[in-house]
Amino acid sequence: MIDIIFIMLSFLAIAGGVGMILFAQPVHSALSLIVCIVALSGIYALLSASFMFMVQIILYAGAIIALLLFIIMFLNVKDEALPDEPNKNTTIFFGAILLIPFNFLILKAFYTLPIKQMDILDSDFGGIKLFGHELFRKWLVPFELISILLLCALIGAVVYARKDKKNG
């Protein structure tokens, strides 16, 4: 039963990703991204990674997509303003063909891995306690550097979005 659920969630994730690329309207692409993120959160739930499941739903499918949709609707992009893409389908087709050797490389690496017995994971696998211990013991400096980087990006976005008083 879990295999069937995994296959369905995988199909939804791939369909959401493909829909995000193929839709012309930005709102439709963002909604396809929501489908992909929710399917990925379901896969995390199947893996018993409860923290990652919650982060996917609350942070990505909730906050980030709401912000993205707000920006898309705020910009109010009309069909006339979208770029003309006469060769979009052929570009996607040739891009998929160029990815075939990479896929064969991944499959070859996958099938040359040694077969090992699967062990049952601990009951606290994927929980927030182990994640927090790992993050704040071994990865504290990169965590703080990323927060500084995000703060600089936020300040830059505010400065960039501010209207110039001389021209306006």
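Because the structure is a prediction, the values reported are computed rather than measured. (Residues numbered from 1 in each chain as written. Predicted model: local features only at pLDDT ≥ 70, side-chain atom pairs only at ≥ 80, totals over all residues. Heavy atoms only, no water.)

### Topic: the overall build of the chain
Here is step 1: A count of helices and strands for the chain gives 6 helices and 0 strands.
Here is step 2: Ordered by position from N to C terminus, the α and β elements of the chain give α-α-α-α-α-α.
Here is step 3: Across its three principal directions, the C-alpha atoms of the chain cover 65 × 45 × 30 Å.
Here is step 4: Across the chain, every contact between residues at least 6 apart in sequence was considered, and the portion connecting residues at least 24 apart equals 62%.
Here is step 5: Accessible surface computed for the chain: about 14,200 Å², of which carbon and sulfur atoms make up 74%.
Here is step 6: Looking at the chain, you have 11 positive and 11 negative side-chain charges, and the mean spots of the two groups are 10 Å apart. (Helix = DSSP H or I, 4+ residues; strand = E, 2+ residues; numbered from the N terminus. Contact = heavy atoms within 4.5 Å. Areas by Shrake-Rupley, 256 points an atom, 1.4 Å probe, with all protein chains shown as cover. Lys, Arg positive; Asp, Glu negative; His and termini not counted. Charge placed at Lys NZ, Arg CZ, Asp CG, Glu CD.)

### Considerations on the domain arrangement of the chain
Here is step 1: What the domain assignment lists for the chain is domain 1 (2-77 + 88-125) and domain 2 (127-163).
Here is step 2: If you average the C-alpha positions of domain 1 and of domain 2, the two centres end up 23 Å apart.
Here is step 3: Each partner contributes residues to the interface: domain 1 has 4 residues there, and domain 2 has 4 residues.
Here is step 4: Both faces combined, the contact of domain 1 with domain 2 buries some 390 Å², and carbon together with sulfur accounts for 71% of it.
Here is step 5: Run the count over domain 1 and domain 2 and you get 0 salt bridges. (Domains from an automatic or database assignment. Buried area = accessible area lost by both parts, 1.4 Å probe. Salt bridge = Lys/Arg side-chain N within 4 Å of Asp/Glu carboxyl O.)

### A few points about unusual backbone geometry
Here is step 1: Here the phi dihedral of S48 falls at roughly 65°; this positive angle occurs in a residue that is not glycine.
Here is step 2: Structurally, S48 can be placed in the loop between helix 2 (26-46) and helix 3 (50-75).
Here is step 3: Taking relative accessible area as the criterion, S48 reaches 48% and is therefore assigned partly exposed. (Buried < 20%, exposed > 50% of the residue type's maximum accessible area, 1.4 Å probe, protein only.)

### Digging into the nonpolar core
Here is step 1: Grouped together as the largest cluster of nonpolar side chains are 6 residues: A30, I37, A61, I65, L69 and I72.
Here is step 2: It is helix 3 that contributes the most residues to this core, 4 residues altogether.
Here is step 3: Every residue in contact with I37, bar those within four places of it in the chain, is listed here: Q56, Y60, A61 and I65.
Here is step 4: Of all hydrophobic cores here, the second largest spans 5 residues; its members include A13, C36, A39 and I43. (Core = buried A, V, L, I, M, F, W, Y, C linked by side-chain atoms within 4.5 Å.)

### Some points on the environment of G42
Here is step 1: For G42, the position within the fold is in helix 2.
Here is step 2: G42 gets classed as buried once you look at its relative accessible area, which sits at 15%.
Here is step 3: In this structure, the C-alpha to C-alpha distance between G42 and I57, residues 15 residues apart in sequence, is 9.3 Å.

### Digging into the packing of aromatic side chains
Here is step 1: Enumeration over the complete set of coordinates arrives at 4 aromatic pairs.
Here is step 2: When the centroid spacing of 5.6 Å and the interplanar angle of 65° are considered together, the rings of F93 and F94 count as edge-to-face.
Here is step 3: On the basis of relative accessibility, which here comes to 52%, the residue F94 falls in the exposed class.
Here is step 4: A centroid spacing of 5.2 Å and a plane angle of 80° characterise the contact between F136 and F143, whose relative ring orientation is edge-to-face.
Here is step 5: Owing to a relative accessible area of 35%, F143 belongs among the partly exposed residues under this scheme. (Phe/Tyr/Trp six-rings, centres within 6.5 Å; stacked < 30°, edge-to-face > 60°.)

### Regarding the pattern of salt bridges
Here is step 1: Inspection of every chain in the model, using the stated rule, returns 1 salt bridge.
Here is step 2: Across the pair K138 and E134 runs a salt bridge whose closest N-O atoms are separated by 3.8 Å. Of this pair, K138 and E134 both sit in helix 5 (residues 128-138), 4 residues apart, which is roughly one turn of the helix.
Here is step 3: For E134, a relative accessible area of 36% translates into the label partly exposed.

### Quick word on helix 1 (residues 2-22)
Here is step 1: A rise of 1.5 Å per residue sets the reference length of helix 1, with its 21 residues, at 30 Å; its end C-alpha atoms lie 30 Å apart and thus fit the reference within 8%.
Here is step 2: Turning to helix 1, its buried residues are L9, S10, A13, G16 and G19.
Here is step 3: Of the surrounding secondary structure, the elements contacted by the buried residues of helix 1 are helix 2. (Expected span 1.5 Å × (residues − 1).)

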